[in-house]
Amino acid sequence: WIARKLNGKELEEEIGGRPREFAAGEEFFYLGDPYPLEITESNGNRQALILSRGKFLLAREKTSQAKELFVKWYRKRAREVIKERVRIWSNRFDLIPTRITITSAWQRYGSCSAKNSLSFSWRLVMAPYAVIDYIIIHELSHIKEKNHSKKFWRFLEGLMPGYKIQKRWLRENSHLLRL
């Protein structure tokens, strides 16, 4: 267990532990797909950061604000994508949260409060839809079971039989969901 954890930490540092440079060609994930960053001249008519034609386009004069612009961009998309997915799954399973919040958490992708308020990290929108759905269904399951008992995991598996694949993807690829 210790060796596995240490190897995982070394691998994470090797792959994803380096700080982002926000340089041309660097890849940023959205809904599980990588998109290269291109630094462009501003035409004055568009936003400082957009995703267009398979690339993130960042205005050259805004490169010093790149991280903040990415956070703002991801947060907005997370609000749209996650709220819609929560609506779909909560209606399907009749597990209705009292509130949905998008947070800046970097180690927890989701949580469910005692009052059934769900919180999700904006970083989750970098993951594939199947992983986003896993986290959403996981947190919705906490509306019924407030812990991680065997009963909880059986309930979750009843809602999402293939959840272990998504859980493993998240464990192995969480380094991709960092800025």
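Quantities reported herein were computed from a predicted structural model and do not represent experimental measurements.

The rules behind each value
Residues numbered from 1 in each chain as written. Predicted model: local features only at pLDDT ≥ 70, side-chain atom pairs only at ≥ 80, totals over all residues. Heavy atoms only, no water. Axes fitted to C-alpha atoms, helices over the stretch in contact; angles between N-to-C directions. Helix = DSSP H or I, 4+ residues; strand = E, 2+ residues; numbered from the N terminus. Parallel < 35°, antiparallel > 145°, perpendicular 65-115°, else oblique. Contact = heavy atoms within 4.5 Å. Nonpolar A, V, L, I, M, F, W, Y, C, P; charged D, E, K, R; others polar. Core = buried A, V, L, I, M, F, W, Y, C linked by side-chain atoms within 4.5 Å. Buried < 20%, exposed > 50% of the residue type's maximum accessible area, 1.4 Å probe, protein only. Patch = residues over 30% accessible without salt bridge, like charges linked within 9 Å, V, L, I, M, F, W, Y side chains within 5 Å. Areas by Shrake-Rupley, 256 points an atom, 1.4 Å probe, with all protein chains shown as cover. Salt bridge = Lys/Arg side-chain N within 4 Å of Asp/Glu carboxyl O. Lys, Arg positive; Asp, Glu negative; His and termini not counted. Charge placed at Lys NZ, Arg CZ, Asp CG, Glu CD. Phe/Tyr/Trp six-rings, centres within 6.5 Å; stacked < 30°, edge-to-face > 60°. Lys NZ or Arg CZ within 6 Å of the ring centre and 35° of its normal. Pairing = 2+ DSSP bridges.

**Q** Help me understand the packing of helix α3 (residues 129-144) against helix α5 (residues 163-173), please; the structure alone is not making it clear to me.
**A** Relative placement of two packed helices is described by the angle separating their axes and the distance separating the axes. With their axes 9 Å apart at the nearest point, α3 and α5 run at an angle of 105° to one another. By the angle between their directions, the pair α3 and α5 is classed as roughly perpendicular. Contacts from A130, V131, Y134 and I135 in α3 reach Y163, Q166, K167, W169 and L170 in α5. A per-class count over the contact of α3 with α5 returns 7 nonpolar, 1 polar and 1 charged.

**Q** Whenever I open this one, the nonpolar core confuses me. Can you help?
**A** Most often, soluble globular proteins keep nonpolar side chains buried together rather than apart. Y30, F56, F70, Y74, I82 and F120 are the most contacted members of the largest nonpolar core, which totals 50 residues. Elements that contribute at least two residues to this core include exactly β1 (27-30), β2 (33-40), β4 (55-59), α2 (66-93), β7 (117-121), α3, α4 (150-159) and α5. Per-element tally for this core: the top contributor is α2, with 11 residues.

**Q** Looking at this structure, how should I read unusual backbone geometry?
**A** Glycine aside, residues mostly have negative phi, and peptide bonds are mostly found in the trans state. Notably, L31 is not glycine yet its phi reads approximately 50°, a positive angle. Take L31: it is sitting in the loop between β1 and β2.

**Q** Just to check I follow, could you spell out a positive patch on the surface for this structure?
**A** Taken together, the side chains of K164, K167, R168 and R171 make up a positively charged region of the molecular surface. In this fold, R171 is placed in helix α5. A relative accessible area of 57% places R171 in the exposed class.

**Q** Would you take a moment to explain the packing of aromatic side chains for this structure?
**A** Any pair of aromatic rings gets described here by the distance separating the centres and the angle formed by the planes. For the structure on display, the rule yields 16 aromatic pairs. Considering the side-chain rings of W73 and Y74, the 5.4 Å spacing of their centres and the 80° angle between planes classify their relative orientation as edge-to-face. Of the two residues, W73 and Y74, both sit in the buried class. Look at Y74 and W122: their rings are 5.9 Å apart centre to centre, the planes differ by 15°, and that puts the pair in the stacked class. Of this pair, Y74 sits in helix α2 while W122 sits in the loop between β7 and α3, and the two are 48 residues apart along the sequence. Grouping residues by exposure puts Y74 and W122 together as buried. An aromatic cluster is built from F22, F28, Y30, Y35, F56, F70, W73, Y74 and W122, whose rings are joined through pairwise contacts. Between R20 and the ring centre of F28, over which it is positioned, the NZ or CZ distance is 4.2 Å. The ring of W153 has K167 sitting right over it, with the charged end atom 4.1 Å from the ring centre.

**Q** I'm lost on the sheet that holds strand β6 (residues 110-112) in this one. Help?
**A** Consider a sheet: its strands pair through backbone hydrogen bonds, and that pairing is either parallel or antiparallel. Strand order across the open sheet formed by 3 strands is β5-β7-β6, with mixed pairing between neighbours. The open sheet terminates on both sides in strands that have one partner only, identified here as β5 (99-103) and β6. Ignoring which end each strand starts from, the neighbouring axes of this sheet average 15° apart. As defined by bridge partners, β5 adjoins β7 across 5 bridges and the pair is classed as parallel.

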